[in-house]
Amino acid sequence: MAVVFSKPKALTDAPLHYCPGCTHGIIHRLVAEAIDDLDILGKTVGVAPVGCAVMAYDYFSCDMVEAAHGRAPAVATGLKRAMPDRIIFTYQGDGDLASIGMAETVHAATRNENITVIFVNNAIYGMTGGQMAPTSLPGQVTQTSPYGRDVKTVGYPIKVCELLSGLDAPYYIERVAVNSVKNVTRAKKAIRRAFENQIEGKGFSLIEVISSCPTNWGMTPQKALDWVESDMIPYYPLGVYRDKSAKEAE
Amino acid sequence: MAKVLMKGNEAIAEAAIRSGCRHYFGYPITPQTEIAAYMAKRMPKIGGTFLQAESEISAINMVYGVSSAGLRVMTSSSSPGVSLKQEGISYLAGCDLPALIVNVQRGGPGLGGIQPSQSDYFQATKGGGHGDYRLIVLAPASVQEMADLTAKAFDLADKYRMPAMLLADGTIGQMMEPVELPEDMRTAVYEKPWAVTGTQGKREHNIVNSLYLVPEQLEKKNIERYERYRLYEQNEVMVEEYMTEDADVCVVAFGIAARVSKNAITAARAKGIKAGLIRPITLYPFPKEAIRKAAGHVKGFVSVELSMGQMIDDIRLAEGCAKPVTLCNRVGGMIPSPDEVLKAIEKMEGGEF
Amino acid sequence: MAKVTFLTDVCKGCGLCVNACPRGLIVLEKEKINKKGHSPAGITDESKCIGCACCAMMCPDCVITVEK
């Protein structure tokens with residue numbers, strides 16, 4: 001009998017602290033699988049964010065750096081400039097990447113910094129207990145939008161892939177989700193692609209992964225995945241937003 | 001060795017390169033932009049990195065990234081920009097990462113002005129960002145020292161695993177003087193087994209991190225760090241004493257204020273007043289012993305500062321309030337004249353304080 | 001015929017694997033409580049498993065190993 005599926009080596013044995021059914025665990029695993037598949041564990045350095053994934057440094061078995069809130073792309077820039085032959089990735093949530101770290105994100109993208117950014121969008125601040133995120137949906141009830149996100153006073157959600165694809169520089173931008181087996185398979189391919197791009201020296205790749213937060217959304221894990229399908233994905237359409245390889249092939 | 005004429009800011013940049021620094025990140029701000037301009041010219045020619053970051057915050061976090069990889073790295077700015085960097089500096093300290101931060105000070109608070117100042121003394125010597133930590137703080141008083149202390153700062157930072165700050169001011173930054181620059185200004189090579197260079201499958205993963213959710217662990221980390229600071233305090237005090245042996249009045253001043261004070265001391269001596277100068281070169285650690293020793297024989301101290309009086313607190317602490325300390329200061333970009341300092345010396349000599 | 005192994009004590013009982021199984025073979029074993037205090041996932045009839053690993057793919061905690 002051959003092993004069809006087991007835990008990737010790029011994950012440590014530390015049990016994940018995430019809430020039951022939180023899909024951070026799936027996304028961690030997909031990143032680790034890409035590192036395993038490409039055989040780059042020994043030369044990869046990851047950058048953890050502030051937010052629910054803050055302790056990602058304990059979960060990935062490659063070298064890890066914990067960055068200040070939102071600063072992961074700047075830290076990754078430093079790491080990559082110091083060690084161009086190493087593979088550098090950031091793992092960031094929506095508050096980290098699309099709110100406090102927006103400047104770092106946009107500028108790393110516009111430099112086409114040769115790094116891989118994994119952007120986990122679950123439309124809420126999880127670690128601090130469920131406050132409104134830059135990506136919370138219009139009308140979404142959170143601790144700090146108790147009457148629903150009122151777009152007239154707090155504005156509309158930020159669509160990171162759409163926004164970044166307005167820049168000339170970034171090499172690859174794709175939005176995926178992990179709410180079904182089919183989507184997980186697609187997400188796995190996208191994440192792997194984002195690492196391959198870096199290995200080939202192509203530049204900035206960002207994969208936005210639509211994730212769930214059963215605890216702070218107040219749903220069962222499965223209901224949360226259903227909400228991803230019914231509410232999140234229609235607002236944040238999945239797909240490839242930027243792929244410069246297509247142009248290169250011409 | 002031949003001397004070359006250089007601007008203070010350029011001397012910092014060249015000395016950094018000769019100290020093995022190949023990565024510079026910064027954001028334009030007066031009066032230190034020559035450092036960035038110099039690096040922008042030189043780094044591409046020697047296989048280094050010059051990157052103009054999107055903000056001071058990003059620049060210091062790029063520094064954090066390079067330092068995590070175990071390489072020498074620096075950023076430079078001036079007062080308002082250094083305030084922005086405080087978050088990153090606290091993280092560097094919390095992860096025990098070496099790095100060089102240059103502050104060519106200008107007047108504040110707020111946007112302040114663009115003329116010289118020493119009003120970031122508290123920020124530099126007492127921590128600056130959040131949490132318990134200290135920086136290596138060196139205060140150059142000449143263009144030559146801009147270079148020498150840059151090399152020293154890299155060395156100390158690596159040795160004690162602390163971020164180092166070169167606390168200069170706009171005058172010395174803009175001043176041109178002859179300097180001597182050895183080809184290689186490195187004095188030692190420090191092993192960095194903690195660096196995140198990739199495990200290569202040969203070791204457990206390294207983690208650069210300042211988060212400790214278990215209070216006992218965080219307390220232990222802080223205590224260990226302060227034990228290292230104690231060693232640094234014991235071993236690395238740098239101070240210049242000028243005519244202090246027989247002094248009745250002791251001026252304490254650093255940087256540009258010390259240069260002005262030396263002229264005042266010469267003038268005072270010509271008038272028969274025994275004045276001397278203690279010039280702290282390390283602001284942290286503060287040269288407490290030199291102050292304490294002088295307190296044994298002087299009538300009092302005059303703290304000459306380009307601030308509303310910041311270092312004066314450290315003088316009082318060092319001499320245990322045994323002798324009077326007066327403040328001779330100008331702020332907002334103004335520099336006290338030798339005459340003003342002389343008057344302060346004469347007042348102290350005359351028992352007016 | 002496939003073999004499905006659960007790291008029972010790591011399981012948080014979220015049930016995402018239950019919905020992922022195309023054959024409906026996985027259940028949360030209500031009569032059991034693991035070290036974390038959850039009712040862990042388990043397989044009812046392994047002989048019917050096709051080894052597709054859909055359960056493992058949806059597991060956020062790498063609880064499941066599949067062999068075929």
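Residues numbered from 1 in each chain as written. Chains lettered and ligands numbered in written order. Predicted model: local features only at pLDDT ≥ 70, side-chain atom pairs only at ≥ 80, totals over all residues.

A.B. asks: Could you give an account of the overall build of chain A, with specific residues and numbers?
C.D. replies: Broken down by element type, chain A carries eleven helices and eight strands. Taking 250 residues into account, the globule formula puts the C-alpha radius of gyration at 18 Å, and chain A, at 17 Å, falls close to it. Dimensions of chain A, computed from C-alpha atoms along their principal axes, come out at roughly 50 × 50 × 35 Å. Put simply, chain A has 250 residues, and 58% of those count as buried. (Helix = DSSP H or I, 4+ residues; strand = E, 2+ residues; numbered from the N terminus. Rg over C-alpha atoms; globule rule 2.2 N^0.38 Å. Buried ≥ 20, exposed ≤ 12 C-beta atoms within 10 Å, placed from the backbone.)

A.B. asks: Please provide a residue-by-residue account of helix 4 (residues 79-94) of chain B, values included.
C.D. replies: All names here are of chain B. Taking 1.5 Å per residue as the helical rise, helix 4 with its 16 residues ought to reach 22 Å, and the 22 Å between its terminal C-alpha atoms agrees with that figure. Turning to helix 4, its buried residues are Ser79, Gly81, Val82, Lys85, Gly88, Ile89, Ser90, Tyr91, Leu92, Ala93 and Gly94. Where helix 4 is buried, its residues touch helix 3 (56-68), strand 4 (74-77), strand 5 (99-105) and strand 7 (163-169). Once helix 4 ends, the next one or two residues include Asp96, with phi positive near 55°. (Expected span 1.5 Å × (residues − 1). Contact = placed C-beta atoms within 7 Å.)

A.B. asks: Could you give me a rundown of the interface of chain C and chain A, with the residues and numbers involved?
C.D. replies: It is common to report an interface's size as the accessible area lost on association of the parts. In this complex, chain C contributes 24 residues to the contact, which on the side of chain A involves 23 residues. Among the secondary structure elements, those contributing two or more residues to the side of chain C that touches chain A are helix 1 (16-20), helix 2 (54-58) and strand 4 (64-67) of chain C. Here the residues of the side of chain C that touches chain A sort into 13 nonpolar, six polar and five charged. (Nonpolar A, V, L, I, M, F, W, Y, C, P; charged D, E, K, R; others polar.)

A.B. asks: How would you sum up the arrangement of the chains? Please name residues and give values.
C.D. replies: Contact analysis covers two pairs of chains in contact, and the most contacts occur between chains A and B. Contact between chain B and chain C is absent, and the least distance between their C-alpha atoms amounts to 20 Å.

A.B. asks: Before we move on, can you summarise the interface of chain B and chain A with the specific residues and values?
C.D. replies: Chain B puts 32 residues into the contact, and the matching count from chain A is 29 residues. Looking at the side of chain B that touches chain A, the elements that each hand over two or more residues are strand 3 (49-52), helix 3, helix 4 and strand 9 (207-208) of chain B. For the side of chain B that touches chain A, the leading source of residues is helix 3 of chain B, giving nine residues. Considering only residue class, the side of chain B that touches chain A consists of 13 nonpolar, 17 polar and two charged. Sheet analysis places strand 3 (residues 63-66) of chain A next to strand 9 of chain B, joined by two bridges and oriented parallel. Residue Met64 of chain A lies in a different strand from strand 9 of chain B, and its bridge partner there is Ile207 of chain B. (Pairing = 2+ DSSP bridges.)

A.B. asks: Quick rundown of helix 5 (residues 102-110) of chain A? Include the residues and the values.
C.D. replies: Along an α-helix, a turn takes 3.6 residues, which lines up residues three or four apart on a common side. Residue and element names in this part refer to chain A. If you check which residues of helix 5 are buried, you get Glu104, Thr105, Ala108 and Ala109. Buried residues of helix 5, viewed axially, fall in a sector of 125°; they line one side. Count one or two residues on from helix 5 and you reach Asn112, which has phi positive near 50°. (Arc of directions from axis to C-beta.)

A.B. asks: Could you give an account of the sheet that holds strand 7 (residues 205-210) of chain A, with specific residues and numbers?
C.D. replies: Strand order across the open sheet formed by eight strands is 8(A)-6(A)-7(A)-5(A)-4(A)-2(A)-3(A)-9(B), with mixed pairing between neighbours. If you trace the sheet from one side to the other, it starts and ends with strand 8 (239-243) of chain A together with strand 9 of chain B, each paired once. Where strand 4 (residues 87-93) of chain A and strand 5 (residues 116-121) of chain A come together, five bridges link them in parallel fashion. Bridging across to strand 5 of chain A, Thr90 of chain A finds its partner in Val117 of chain A. Running over the sheet, helix 1 (residues 24-37) of chain A touches strand 2 (44-48), strand 4, strand 5 and strand 7 of chain A and is turned about 165° from strand 5 of chain A. Of the strands in this sheet, strand 4, strand 5, strand 6 (172-177) and strand 7 of chain A touch helix 8 (residues 181-199) of chain A, which is tilted by about 160° from strand 6 of chain A. (Axes fitted to C-alpha atoms, helices over the stretch in contact; angles between N-to-C directions.)

A.B. asks: An account of unusual backbone geometry is needed here, citing residue identities and associated values.
C.D. replies: Cis peptide bonds are those with omega within 30 degrees of zero, and the linkage from Gly108 of chain B to Pro109 of chain B qualifies with 0°. With respect to the element layout, Pro109 of chain B can be found in the loop between strand 5 and helix 5 (121-125). The omega torsion across Tyr284 of chain B and Pro285 of chain B is 0°, close enough to zero to call that bond cis. Residue placement: Pro285 of chain B occurs in the loop between strand 13 (282-284) and helix 10 (288-295). You will see that Asn112 of chain A, though not glycine, has its phi angle at about 50°, which is positive. When you line up the elements, Asn112 of chain A lands in the loop between helix 5 and strand 5. Taking the C-beta count within 10 Å as the criterion, Asn112 of chain A has 17 such neighbours and is therefore assigned partly exposed. Despite not being glycine, Asp96 of chain B has its phi angle at roughly 55°, a positive value. Examined against the element boundaries, Asp96 of chain B turns out to sit in the loop between helix 4 and strand 5.

A.B. asks: Outline the packing of helix 9 (residues 255-270) of chain B against helix 12 (residues 338-349) of chain B, listing residues and values.
C.D. replies: All names here are of chain B. For the pair helix 9 and helix 12, interaxial distance at closest approach is 8 Å and the crossing angle is 55°. One finds that helix 9 runs oblique with respect to helix 12. In this structure, helix 9 meets helix 12 at a crossing whose hand is right-handed. Note on element contacts: helix 12 touches helix 9 through Pro338, Val341, Leu342 and Ile345, opposite Val260, Ser261, Asn263, Ala264, Ala267 and Ala268. Residue composition of the contact of helix 9 with helix 12, grouped by class: eight nonpolar, two polar and no charged. (Parallel < 35°, antiparallel > 145°, perpendicular 65-115°, else oblique. Left-handed = near helix turned anticlockwise from the far one by under 90°.)

A.B. asks: Tell me about the nonpolar core, residues and numbers included.
C.D. replies: Ile118 and Val209 of chain A, Leu100, Ile136, Val251 and Ile345 of chain B together with Cys55 of chain C are the most contacted members of the largest nonpolar core, which totals 222 residues. Each of two domains, domain 1 (4-199 + 222-235) and domain 2 (240-349) of chain B, supplies a minimum of three residues to this core. When neighbours within four sequence positions are excluded, Ile136 of chain B is seen to be in contact with Ala153, Leu156, Ala157, Tyr160, Met162, Ala164, Met165 and Tyr284 of chain B. (Core = buried A, V, L, I, M, F, W, Y, C linked by C-beta atoms within 7 Å. Domains from an automatic or database assignment.)

A.B. asks: If you had to explain the sheet that holds strand 4 of chain C to someone new, which residues and values would you point to?
C.D. replies: Taking strand neighbours across the sheet as the criterion, the three strands line up as 1(A)-4(C)-1(C) in an open arrangement whose pairing is antiparallel. Two strands bound the open sheet, and with one partner strand each, they are strand 1 (3-5) of chain A together with strand 1 (3-6) of chain C. Looking at each pair of strands side by side, their axes are set apart by 30° on average, direction ignored. As judged from the two bridges shared by strand 1 of chain A and strand 4 of chain C, these two strands associate in the antiparallel manner. Bridged to Phe5 of chain A within strand 4 of chain C is Val66 of chain C.

A.B. asks: I'd like a rundown of the pairing of strand 5 of chain B, residues and numbers included.
C.D. replies: Residue and element names in this part refer to chain B. Buried residues dominate strand 5, accounting for seven of its seven residues. The pairing of strand 4 with strand 5 spans four bridges and is parallel. When the sheet's bridge partners are listed, Ser76 is paired in strand 5 with Val102. The parallel pair strand 4 and strand 5, bridged by helix 4, forms a crossover whose chirality is right-handed. In the sheet, strand 5 pairs with strand 7 via seven bridges, with the strands oriented parallel. (Right-handed = clockwise from strand over helix to strand, strands pointing away.)

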